[in-house]
Amino acid sequence: MTNDTATAATAAAGTALPLAPGPWALDPFHSSVNFTIRHLGIAKVRGRFERLEAELFVGERVEDVRVSATVDLASVDTGNADRDAHVRASDLLDVEKRPTMTYRSTRVSGEGEDWTMEGELTIGDVTRPVSLAVEFGGLVDVPMDGSRHAGFEATGEIRRGDFGLDFAPGLLGDVVKIQLDMQFVEPKEA
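Heads up: these notes are all about the structure in this document. All of these numbers come straight from a predicted model, not from anything done at the bench.

Observations regarding the overall build of the protein chain
When helices and strands are counted, the protein chain shows 2 helices and 11 strands. Rg of the C-alpha trace for the protein chain: 18 Å, near the compact-globule value of 16 Å for 190 residues, within the 12% margin. Principal axes of the C-alpha set define a box for the protein chain whose edges measure 55 × 35 × 30 Å. Counting every position in the protein chain, which comprises 190 residues, the buried fraction comes to 42%. For the protein chain, contacts bridging at least 24 residues in sequence account for 54% of all contacts bridging at least 6. As displayed, the protein chain has an accessible area near 10,600 Å², and 52% of this comes from carbon and sulfur atoms. Across the protein chain, the centroid of the 19 positively charged side chains sits 6 Å from that of the 32 negatively charged ones.

Structure (structure tokens):
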């Protein structure tokens, strides 16, 4: 689909979507969920989650765009195996009780490269609204197989206490900064 076709398909909505309608599949090899949290209030610890699933459904209008994602919390990787084991334990994340973190968009707005995605984040049995700033990185046709990929970066932050994860106060900061780098593959029907 050319940008002119995408623009015509969504002109009625007022904001042109450069993406073909339909379900876009996650490219897991070029996608990541990263986080940063303060340790002792003086330094940052960075980490990522290795296992995630995500879906992007693009409708004819911006109002029809939906995103959902599920992250396996046991796949946490901070670059230190002992620390990762402790983060998974019952006194911290307790991945036996809270195996996943899920996000469901409720509204997408914006244009060009800058978008905002409102949604609901669920960790364990707690769900809270979370807003993400989304940068559209663009579209590219992959020479090896001719598939079209779309790239996005989404950033935001959550407060651990809002999700009942208020362990280790003073040791760990309450604010967790989130950065998602995602690639999705255009539906074959497009």
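As for the pattern of salt bridges
On inspection of all chains with the given rule, the structure shows 5 salt bridges. Where Asp72 meets Arg51, a salt bridge forms, and the shortest distance between an N and an O atom there is 2.8 Å. Here Asp72 is found in strand 5 (residues 66-72), whereas its partner Arg51 is found in the loop between strand 3 (43-49) and strand 4 (52-58), with 21 residues between them in sequence. Under the relative-accessibility criterion, Asp72 is labelled partly exposed at 23%. Across the pair Asp64 and Arg61 runs a salt bridge whose closest N-O atoms are separated by 3.1 Å.

With respect to unusual backbone geometry
Although it is not a glycine, Leu40 adopts a positive phi angle of roughly 60°. Mapped onto the elements, Leu40 comes out in the loop between strand 2 (32-39) and strand 3. Of note, the phi angle at Asp94 is positive, near 55°, even though the residue is not glycine. With respect to the helices and strands, Asp94 occurs in the loop between helix 2 (81-88) and strand 7 (100-111). On the accessibility criterion, Asp94 (11% relative accessible area) is buried.

Quick look at the environment of Phe184
Within the secondary structure, Phe184 sits in strand 11 (residues 172-185). The exposure class assigned to Phe184 is buried, which follows from its relative accessible area of 4%. On a C-alpha basis, the gap between Phe184 and Asp27 in space is 5.4 Å, while along the polypeptide they are 157 residues apart. When sequence neighbours within four positions are dropped, the list of residues in contact with Phe184 reads Trp24, Ala25, Leu26, Asp27, Ala54, Glu55, Leu56, Arg148, His149, Ala150 and Phe152.

A word on the side chain of Ser31
When you line up the elements, Ser31 lands in the loop between strand 1 (22-26) and strand 2. Overall, the relative accessible area of 8% leaves Ser31 in the buried class. Separated by 2.7 Å, the side chain of Ser31 and the backbone oxygen of Asp27 make a polar contact. Among the polar contacts listed, one links the side chain of Ser31 to the backbone nitrogen of Gln183, at a separation of 3.0 Å. When residues no more than four places from it in sequence are discounted, the contact partners of Ser31 are Leu26, Arg48, Leu52, Asp181, Met182 and Gln183.

A few points about the packing of aromatic side chains
For the structure on display, the rule yields 3 aromatic pairs. An angle of 40° between the planes, with centres 5.4 Å apart, marks the rings of Phe35 and Phe49 as tilted. Taken together, the residues Phe35 in strand 2 and Phe49 in strand 3 connect sequence positions 14 residues apart. Given a relative accessible area of 13%, Phe35 falls into the buried group. Residue classification places Phe49 among the buried positions, given a relative accessible area of 8%. Arranged with centres 6.2 Å apart and planes meeting at 70°, the rings of Phe152 and Phe184 form a pair that is edge-to-face. Of this pair, Phe152 sits in strand 10 (residues 148-159) while Phe184 sits in strand 11; the two residues are 32 residues apart in sequence, bridging distant segments of the chain. Take Phe152 and Phe184: they sit in the same class, and that class is buried.

Rules behind the numbers
Residues numbered from 1 in each chain as written. Predicted model: local features only at pLDDT ≥ 70, side-chain atom pairs only at ≥ 80, totals over all residues. Heavy atoms only, no water. Helix = DSSP H or I, 4+ residues; strand = E, 2+ residues; numbered from the N terminus. Rg over C-alpha atoms; globule rule 2.2 N^0.38 Å. Buried < 20%, exposed > 50% of the residue type's maximum accessible area, 1.4 Å probe, protein only. Contact = heavy atoms within 4.5 Å. Areas by Shrake-Rupley, 256 points an atom, 1.4 Å probe, with all protein chains shown as cover. Lys, Arg positive; Asp, Glu negative; His and termini not counted. Charge placed at Lys NZ, Arg CZ, Asp CG, Glu CD. Salt bridge = Lys/Arg side-chain N within 4 Å of Asp/Glu carboxyl O. Polar contact = N/O pair within 3.5 Å; in protein donor to acceptor, adjacent residues only side chain to side chain. Phe/Tyr/Trp six-rings, centres within 6.5 Å; stacked < 30°, edge-to-face > 60°.

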